[in-house]
Amino acid sequence: MTRLQLSAAAILAAAFPAPACAAAACAGCTLVWEDEFDGDAVDPAKWEFMTGDGSQYGIPGWGNNELQYYRAENASVADGNLIIAAREESFGGYDYTSARLRSLGRGDWRYGRFEVRAKLPVGQGMWPAFWMLPSSDIYGGWAASGEIDIMEMVGFDPDRIHGTIHFGGPYPENTSSGASTLLAAGSAHAAYHEYAIEWEPTEIRWYVDGVQYATKTSWYSTGGPYPAPFDQAFHMLLNLAVGGNWPGNPDATTVFPQYLIVDYVRVYQLPENVEPPRRVFDDMEHGDPFGNGWFAFGSDIGGGGIDPNYDDLPPENGGGVSLQTGWGSGGTAGYLGGFGRYSPMELTGSLDRFEFWINPDPGEYTLEINLQEDDNFDGAFGNGDDEFQYTCVVSATGPCAIAGGGWQQVSLPLADFFDDNTAFPGGNGDLDAIAPTSGGNGELINIVIAVVSHDGTDVSFRTDYWIFAGDLPDTDGDGQADALDNCSETPNPGQADSDGDSIGNACDLDIGGPDGSDDCVVNFVDLSLLEAAFFTTPSSPNWNPDADFTGAGGEPDGIINFFDLQLMEDRFFTVPGPSGLPNDCG
C-alpha cells in the first residue's frame, strides 16, 4: 500500500464515518428463531394450531372454563402481522371462536430471551396471552413441570400487563408467583408494545418495551430439585381466550370481533446456554402409553406388550417413568411382534440422528427400528408411503446395545436408515420427514420397533427418552459452534482474542484495543498500530499482540509481518468479523 493510496483512503474516511456497532436484544444473546409473519399464512414449520374446546387435550374449557372454541380459521397473516380474531359466533356448541397456536416440536428451548411485539384486544372477557409450557412433563403434571406467562392481559383491566410463573406440585398442589406493570391508558390496544422475558438457570426477568418490571429467582417443583422445573425445554403459545375464571364473561359492553395483532415473535439464546437441537418424540413421562398414541402387536409365534415402569430409569433425562416391554417366543426363533407410537412430526433443521435409552435384559435379538413417513399425506401409514429401517442387534457383545449391560444411550445416524418398502411398496425413497405443505415429501408419522429373537429366548427391555438430535452449525469446522465462535469465518479452535472485544484475532483487524479506538472499522488507527509493531516478536519492546492475527489455523504465529499487513490491506475500510457474538460489527 503506497502513501498516495493511504492519503486517498484518509479522504474517504473523513467523508464516510465508521458504522456503529450493532447490539443484540440482550447482552450476550444470539437470535436463533423468529417469525416476522411476512407471508400470507401461518407457517406450519413454526406453529401448530390447537383446536377445539380443550377436551382433545384432556383439559375441557382449557382448564379455565373458557367460552371459546379454537379454530385455525381464526388466525390469518397479512401485512406482516399475525391476526388472531375472537368472534361472537356459534360453533361446536360454543358462542365464541378464536385461535391458539404453539411451537411444540417446532421451537423448544431452555433459557434465553423470548419476545413478542403486539397490539392487544380490548373489552370485558378478553384474555390475550403469550406464554410457555414445558415440552415434556419431566417433573409431573401441571404445574409440577412449570409454566411461564410472558404476557397476559384481562379485559376488565386492559392497561395492566401481567407476568407469572406457575410451579410446585401437580394440580391442586400448584402455586404461582407474579407481578404486573401499567401501560399508558389505552396504549396496549392502540399501539404495539414489546413483551419479553429473559430466562437464565436461576432467574427469570420480565420486560415491556425494554424496561424490566419483575424478577423471579425462587420456585420449586415436587418432581425434582431446584432449579426445577425451569431447567427443561419449553415451547411458546399465542392465544386469545374469551371468558374464563380470571377475565370473566363478555358483557353488553364487549364489542366483537376483537383482535390480537402480532408483529413478530423472536427467540434469542445466551451463547453460554446454546444447546444442540433436540426434538423429543416421547419422554414416557405421561405413564400412559396407550393413552398417548402407543400401540403393540404380536406375531404368529409370539406376543407381548408395553407398560409404564416407575422403578427402572436411565441416568439422564429419565424423569419418573420409562417404558417396559416384553415378548414371549414360545421357544421359537423369529419375529415376535412389536410396538410403536403414532405422533406426526416434522424433522426440520439440523436434526441428523435418532437417539434413545435402553436397558436390555440378557438375550440375543434384533430390534428393527422403523421410521414411517406419510408420503401421500393421508394421515396414516400404508401403500404409497416410505419406511426407513435400522437393524439394531442386541447381544452380549452388541454392537447396537449390550444385553445385560444396564442403561445405554443408542445414537443412530438418520443416514444409516435404509429404505424398506417390502411390506408397503411406494414412497419416493427420500427420508426428509417434512410435510408436503412445508415443501417436503412427507412428515414422520410413526416410529415402530419390531422384535426378532435370534435363538428362541424371550425378549424384554426398558426404554426411555426417544429424541431426534443434531449439532449446532459450525461453518468453519473449527470445533466451535457458530453461536459460540468469536470468528466464524476462519477456523480458530483456540479462540484467541487479544483485545477482548469478542471478535477473534483471525477475523479482527480493528485492533485499537479497549481504550476507545475500537470503532468497528479497519482504518488508519489500526494500521498505525500495526506499522509500529511491524517485524516484531513477543520479546520486542513495541510488540502488540493485537496486530498478530495470522498464522496456522487462524491462530497468532508470534511475528507481525507481511502476512498481517496483507490481510489488513485486503480489509482496509471494512468492518471486522463476523464473530457470531453480539458486538460483532459485521
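Predicted model, so just to flag it, every value in this text is computed and none were measured.

Undergrad: So what exactly am I meant to see when it comes to helix α3 (residues 524-532) here?
TA: Residue pairs three or four apart in sequence face the same way in an α-helix, which turns once every 3.6 residues. When we look at burial in α3, the residues that qualify are Asp-526, Leu-527 and Leu-530. Relative to the axis of α3, the buried residues are bounded by an arc of 100° and lie together on one face. Regarding α3, its N-cap is Asn-523, as a side-chain oxygen of that residue lies 3.1 Å from the backbone nitrogen of Val-525 further along.

Undergrad: Even after reading the chapter, I still don't get the state of the cysteines, so can you show me in this structure?
TA: Each disulfide is one covalent bond, formed between the sulfur atoms of two cysteines. Counted by the stated rule, this structure contains two disulfides. Linked covalently through their sulfurs, Cys-392 and Cys-400 form a disulfide whose S-S length is 2.0 Å. Residues Cys-392 and Cys-400 share a disulfide whose torsion about the S-S bond is about -95°; that sign makes it left-handed. There is no split in this pair, since Cys-392 and Cys-400 are both buried. Shown here is the disulfide that connects Cys-487 with Cys-507, its sulfur atoms set 1.9 Å apart.

Undergrad: For this particular structure, what's the right way to read unusual backbone geometry?
TA: One can expect most non-glycine residues to show negative phi and most peptide bonds to be in trans. In this structure, the amide linkage connecting Tyr-171 to the following residue, Pro-172, adopts the cis form with an omega of 10°. By the secondary structure assignment, Pro-172 is in the loop between β12 (160-168) and β13 (174-182). Phi at Phe-535 takes a positive value of approximately 55°, unusual for a residue other than glycine. Here Phe-535 is to be found in the loop between α3 and α4 (562-571). Although it is not a glycine, Phe-573 sits at a positive phi angle of roughly 60°. Residue Phe-573 is classed as partly exposed on the basis of its relative accessible area, which comes to 28%.

Definitions and cut-offs
- Starting afresh in each chain, residues are numbered from 1 along the sequence in its written order.
- Residue-level local features of this predicted model are given only where pLDDT is at least 70; pairs of side-chain atoms are given and counted only at 80 or more, and the full residue set underlies all totals for whole chains, interfaces and linings.
- Side-chain calculation: all heavy atoms of the structure are included, whereas hydrogens and water are not.
- A simple rule labels every residue: compare its accessible area, found with a 1.4 Å probe on the protein chains alone, to the largest value its type can have, and call it buried under 20%, exposed over 50%, or partly exposed in between.
- Secondary structure counts use DSSP, requiring at least four H or I residues in a row for a helix and at least two E residues in a row for a strand, with both numbered from the N terminus.
- What the arc describes is the spread of directions from the helix axis to the C-beta atoms.
- N or O atoms within 3.5 Å of each other form a polar contact, as long as, within protein, one can give a hydrogen and the other can take it, and as long as residues adjacent in sequence are counted only when both atoms are side-chain atoms.
- Here, the term disulfide refers to a pair of cysteine sulfur atoms separated by no more than 2.5 Å.

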